[in-house]
Amino acid sequence: MTALEAKEHGVSVFSIHPGVVSTEAHKSATDTPEGRKYLPEFGERAKQFATPIELAANLCVYLASGAADALSGRYFSVNDNPAAITAETSAILESDLYKLRLRMPPRV
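Residues numbered from 1 in each chain as written. Predicted model: local features only at pLDDT ≥ 70, side-chain atom pairs only at ≥ 80, totals over all residues. Heavy atoms only, no water.

Core analysis: the largest hydrophobic core is formed by ten residues, namely Phe-14, Leu-59, Tyr-62, Leu-63, Ala-68, Leu-71, Phe-76, Val-78, Ile-85 and Ile-92. Looking at this core element by element, the count peaks at three residues for helix α5 (residues 53-64). Those residues in contact with Val-78, other than ones at most four positions away along the chain, are His-17, Pro-18, Gly-19, Thr-51, Leu-55, Ala-56 and Leu-59. (Core = buried A, V, L, I, M, F, W, Y, C linked by side-chain atoms within 4.5 Å. Buried < 20%, exposed > 50% of the residue type's maximum accessible area, 1.4 Å probe, protein only. Helix = DSSP H or I, 4+ residues; strand = E, 2+ residues; numbered from the N terminus. Contact = heavy atoms within 4.5 Å.)

Okay, structure coming up:
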């Protein structure tokens, strides 16, 4: 919805999934005694699946470059290759892919 509203002003909007970004807050939640005490399971999983902050930053820079503007309103994950997705813009638009949706049952 925001992407549609912003389009007339030349603004592109994307949903991004940055992953579990390895930041100082992430490290304090996983590498300190307090973090291990309160989040023991999260800590080990987070370390295993931590995303280097550069990947999240690179995705944001790519999207800010305008290269994917035709896909405004779409979802991008740090685990995907945004250039490869952008190369498939026509097919994505035609098939209405990479959109987040909330589908509700009909009201009774």
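By secondary structure assignment, the location of Asp-80 is in the loop between β4 (75-77) and α6 (82-87). Put simply, Asp-80 and His-17 are 63 residues apart on the chain and 9.8 Å apart in space, counted from C-alpha to C-alpha. If near-sequence neighbours (up to four positions away) are discounted, Asp-80 is found in contact with Ile-85 and Tyr-98.

Time to look at the packing of aromatic side chains. The tally for this structure, following the rule as stated, stands at one aromatic pair. Taking the centre distance of 5.6 Å and the plane angle of 80 degrees together, the rings of Phe-14 and Phe-76 count as edge-to-face. Separated by 62 residues along the polypeptide, Phe-14 in the loop between α1 (2-7) and β1 (15-17) and Phe-76 in strand β4 bring together distant segments of the chain. As far as the burial class goes, Phe-14 and Phe-76 line up, both buried. (Phe/Tyr/Trp six-rings, centres within 6.5 Å; stacked < 30°, edge-to-face > 60°.)

A few words on unusual backbone geometry. Despite not being glycine, Asp-96 shows a phi value in the positive range, around 55 degrees. Summarising the element assignment, Asp-96 is placed in the segment after α7 (89-95). Positive phi is not limited to glycine here, since Tyr-98 has a value of about 60 degrees. For Tyr-98, the position within the fold is in the segment after α7.

Applying the stated criterion across every chain, the model contains three salt bridges. When the shortest N-O distance is used, the salt bridge between Asp-96 and Lys-99 registers 3.0 Å. Residue class for Lys-99 comes out partly exposed when judged on its relative accessible area of 36%. Residues Asp-96 and Arg-101 are paired through a salt bridge, measuring 2.5 Å at the closest nitrogen-oxygen approach. For Arg-101, a relative accessible area of 41% puts it in the partly exposed group. Several salt bridges share partner residues, and in doing so they unite Arg-74, Asp-96, Lys-99 and Arg-101 into one network. (Salt bridge = Lys/Arg side-chain N within 4 Å of Asp/Glu carboxyl O.)

Okay, the side chain of Ser-77 next. Within the element layout of this structure, Ser-77 appears in strand β4. In this view, Ser-77 contacts His-17 and Leu-59; residues no more than four positions away in its chain are not counted.

The next subject is the environment of Ala-3. Summarising the element assignment, Ala-3 is placed in helix α1. The class for Ala-3 is buried, based on a relative accessible area of 12%. Through-space distance from the C-alpha of Ala-3 to that of Ser-72 is 6.1 Å; in sequence the pair is 69 residues apart. The contact partners of Ala-3, leaving out residues within four places of it in the chain, are Val-13, Ser-72 and Gly-73.

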